[in-house]
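Structural description and commentary
Read off the chains here:
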Amino acid sequence: MEDQAAGSARDAHSLPMCYRHPDRETGVHCTRCERPICPECMVSASVGFQCPECVRGTTPGQSGPPPAAAQPRTIAGGTITADPRLLTKILIGINIAVFLIQLSVGDSFTNRFDLIGQAWFPQYGDVEGIAQGQYYRMLTSMFLHDSSNYMHIVFNMLSLWWIGGPLEAALGRARYLTLYLVSGLAGSALTYLLAAQNQPSLGASGAIFGLFGATAVLIRRLNYDMRPIIALLVINLIFTFSGGIAWQAHIGGLVAGVITGYAMVHAPRERRNLIQYGTCALVLVLTVVLTVVRTAQLT
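The present account deals with the structure reproduced in this document. (Residues numbered from 1 in each chain as written. Predicted model: local features only at pLDDT ≥ 70, side-chain atom pairs only at ≥ 80, totals over all residues. Heavy atoms only, no water.)

1. Focus: the packing of helix H9 (residues 227-240) against helix H10 (residues 247-266)
Two measures define how a pair of helices packs: the angle their axes make with one another and the distance between the axes. Direction vectors running N to C along H9 and H10 enclose 150°, while the axes themselves pass 9 Å from each other. The orientation of H9 relative to H10 falls into the category roughly antiparallel. The two elements H9 and H10 meet at a crossing, and its hand is left-handed. From H9, Leu233, Leu237 and Thr240 reach across to H10, where they touch Trp247, His250, Ile251 and Leu254. Partitioning the contact of H9 with H10 into residue classes produces five nonpolar, two polar and no charged. (Axes fitted to C-alpha atoms, helices over the stretch in contact; angles between N-to-C directions. Helix = DSSP H or I, 4+ residues; strand = E, 2+ residues; numbered from the N terminus. Parallel < 35°, antiparallel > 145°, perpendicular 65-115°, else oblique. Left-handed = near helix turned anticlockwise from the far one by under 90°. Contact = heavy atoms within 4.5 Å. Nonpolar A, V, L, I, M, F, W, Y, C, P; charged D, E, K, R; others polar.)

So, in structure tokens, the structure goes:
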């Protein structure tokens, strides 16, 4: 997706290449030396963004460690790491590992951890579901996929790689993981509230739609071409409402991703952590409220 956005921008504006990553176009320049810098190289400053060398107080090619207080940061204030896609790789690995367990154990495993409001399970001889206090299902269902449909996990993991990797590099690990979990839980809460109580739901789509929303906010913040991400969102929303898909999780995750993503990339530097994590906390509070309301309806 990042490549698509860059390609469209190249045709329209012929943007310069990042001086540290010659394969990446960017419309942002360091406010001190005016060299072009990509999201991974951007260090948030009081005005605009600076490149890592200017933050270190060195010139290009000059060696020596940067001062501890001037550690380069991402556009959202996160720490720049050697492997900016590490968490994305871990999340993909967890999803694949859980899917393999589903294939080996069968439906008995999936039924224990998917998202369902309340239903009678003859094999267990009891009523199961979130309304019965099994709130863990709102989290565990985010890592389950339809074991009878391989394209479900394939499409989700490809989307996670294409969208999650660049977003993780732009936000930093802690903020990226927070965004992923908050979006997924918001999708689970809306599904629990609006779907039929005995309708099972599972998949990483809620969290991934949250990444879609945050990516759109980031692209807008960097003044990149919005058309590729808008087209991708429209196509996914068409599939969402075409039937057979838990649209509630997609919409819940998307809305949470847009709200959280906006706070991540637009928070002023002096109050960055308060606004970023405060917004995440508010979204989680709303998630809890929706969960409590639905539980009261079913019990």
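2. Notes on the packing of aromatic side chains
All chains considered together, the criterion is met by four aromatic pairs. On the numbers, 5.0 Å between centres and 50° between planes, the contact of phenylalanine 109 with phenylalanine 113 is tilted. With phenylalanine 109 and phenylalanine 113 both in helix H4 (residues 107-113) and four residues apart, this pair spans about one turn of that helix. Arginine 35 extends its terminal NZ or CZ atom over the ring of tyrosine 19, reaching a point 4.2 Å from the ring centre. Across from the ring centre of tryptophan 161, 4.5 Å away, lies the NZ or CZ of arginine 85, which sits over that ring. (Phe/Tyr/Trp six-rings, centres within 6.5 Å; stacked < 30°, edge-to-face > 60°. Lys NZ or Arg CZ within 6 Å of the ring centre and 35° of its normal.)

3. So, H9
A rise of 1.5 Å per residue sets the reference length of H9, with its 14 residues, at 20 Å; its end C-alpha atoms lie 20 Å apart and thus fit the reference within 8%. For H9, every residue scored as buried is listed here: Pro228, Ile229, Leu233, Asn236 and Thr240. All buried residues of H9 project into a common sector of 130° when viewed along the axis, lining one side. With respect to the buried face of H9, the exposed residues turned more than 90 degrees away are Arg227 and Ile238. (Expected span 1.5 Å × (residues − 1). Buried < 20%, exposed > 50% of the residue type's maximum accessible area, 1.4 Å probe, protein only. Arc of directions from axis to C-beta.)

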